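One letter stands for each residue in the lines below.
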Amino acid sequence: TYTKIRNNIWQIAEDDGVYCTLVKGSELAVLIDTGYGRRDLRNFIEKSISTPYIVINSHGHPDHIGGNYRFDTVYAMKEEWDVIKHFEANMHTAYALKEIQIGQQISLGDINIEVVSLAGHTKGSIGFIILEEKILIAGDALNEGLWLFNYGSLSMRQLYETIKVTIGLDFASYLCGHSDKTYKKEKLLAHIKNIENLKVDENTKKNTIGFETYCSKYEDSNGKSEIVFTIDKIERKH
């Protein structure tokens, strides 16, 4: 199933609340992420578009790279390749992994995409600004529930700096990898406030997929923020 965010932007739903994003241009399409790979995403894409397309990973976690094997070539930040390979240890990987770079612009014919860094959730997390629509496709880097642990993740300070820089970019709304809703840029201010007032105590301790984590929550008029992290990630932000 899919949700039309715009006529040319689709959030494609897989199992477990995972979304891939299809951006359709007049001459080229881009598929961002491939889900767990449980469904034949390639077949769906090729039935839904009439142009060539490229596939890009926003980051290297299993719920976003699991379907890579269905495609011939997948692009990702070179800094993220070891993250992808780490989580592909038990997966079929007979595809070509190629580099995409920060600042790179991709022309789809009638619309253009710019690749931006969203490092934090993982070291090579990237986003994609659809310039004409002023929408940022953010993968998992800006989720309302944002995880900062597991292989390849950066520090709280680095996440804080990334979000501050991201707020200054030229977009008005953004999409995340676990929702079919668009969010206003101002919602990111809740993440900033959450990090500035980070809650680390016995009340925020929890277990998340086998990791001993903390979950700091914050909410104001801009929105909600929930950041789940391991203690080693909080070298102070200043």
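Scroll up to find the structure.
Residues numbered from 1 in each chain as written. Predicted model: local features only at pLDDT ≥ 70, side-chain atom pairs only at ≥ 80, totals over all residues. Heavy atoms only, no water.

K.L.:
What's the story with the nonpolar core in this structure? I'm lost.
P.N.:
A general tendency of soluble globular proteins is for nonpolar side chains to be buried together. Counting 25 residues, the largest nonpolar core has Leu136, Leu142, Met156, Tyr174 and Phe229 as the members making the most contacts within it. Contributions of two or more residues to this core are made by strand E12 (145–148), helix H4 (156–167), helix H5 (188–196) and strand E17 (223–229). In terms of residue count, the dominant contributor to this core is H4 (four residues). In this view, Leu136 contacts Val116, Gly127, Phe128, Ile129, Leu142, Thr166, Phe171, Ser173, Tyr174 and Leu175; residues no more than four positions away in its chain are not counted. (Core = buried A, V, L, I, M, F, W, Y, C linked by side-chain atoms within 4.5 Å. Buried < 20%, exposed > 50% of the residue type's maximum accessible area, 1.4 Å probe, protein only. Helix = DSSP H or I, 4+ residues; strand = E, 2+ residues; numbered from the N terminus. Contact = heavy atoms within 4.5 Å.)

K.L.:
Can you walk me through the side chain of Lys185 in this structure?
P.N.:
Relative to the elements of secondary structure, Lys185 occurs in the loop between strand E14 (183–184) and H5. Buried and unpaired, Lys185 has no salt bridge, with Asp170 as the nearest side chain of opposite charge at 6.0 Å. Beyond its immediate chain neighbours, meaning those up to four positions away, Lys185 contacts Ile167, Leu169, Phe171, Ala172, Ser173 and Tyr174. (Lys, Arg positive; Asp, Glu negative; His and termini not counted. Salt bridge = Lys/Arg side-chain N within 4 Å of Asp/Glu carboxyl O.)

K.L.:
Teacher, can you tell me more about the side chain of Thr166 here?
P.N.:
Here Thr166 lies in helix H4. The class for Thr166 is buried, based on a relative accessible area of 1%. Other than its neighbours up to four places away in sequence, Thr166 contacts Ser117, Leu118, Leu136, Leu142, Phe171 and Leu188.

K.L.:
Explain the environment of Gly37 here, please?
P.N.:
Position of Gly37 among the secondary structure elements: in the loop between strand E4 (29–32) and helix H1 (41–48). Along the primary structure Gly37 and Gly109 are separated by 72 residues, whereas in three dimensions their C-alpha atoms are 29 Å apart.

K.L.:
Would you mind going over the packing of aromatic side chains with me for this structure?
P.N.:
Within a pair of aromatic rings, the relevant descriptors are the distance that separates the centres and the angle that separates the planes. According to the stated counting rule, one finds eight aromatic pairs in the structure shown. Aromatic pair Tyr174 and Tyr183: ring centres 5.6 Å apart, planes at 40°, arrangement tilted. In this pair, the class of Tyr174 matches that of Tyr183, namely buried. The side chain of Arg38 reaches across the aromatic face of Tyr36, ending 4.2 Å from its centre. Residue placement shows Lys185 over the ring face of Phe171; its charged tip is 4.7 Å from the ring centre. (Phe/Tyr/Trp six-rings, centres within 6.5 Å; stacked < 30°, edge-to-face > 60°. Lys NZ or Arg CZ within 6 Å of the ring centre and 35° of its normal.)

K.L.:
I tried to follow the pattern of salt bridges on my own but got confused; where do I start?
P.N.:
In a structure, side chains of opposite charge can pair up when their charged atoms sit close to one another. Counted under the stated rule, the structure contains ten salt bridges. Glu133 is the salt-bridge partner of Arg6, the closest N and O atoms lying 3.2 Å from each other. Separated by 127 residues along the polypeptide, Arg6 in strand E1 (residues 2–6) and Glu133 in the loop between strand E10 (126–130) and strand E11 (135–137) bring together distant segments of the chain. Classification of Arg6 as partly exposed rests on a relative accessible area of 32%. With a relative accessible area of 25%, Glu133 lands in the partly exposed category. With its nearest N and O atoms 3.2 Å apart, the salt bridge here joins Arg42 to Asp72. Highlighted residues: Arg42 in helix H1 and Asp72 in the loop between helix H2 (62–65) and strand E6 (73–77), separated in sequence by 30 residues. Here the residues in one salt-bridge network are Arg42, Glu46 and Asp72, joined through shared partners.

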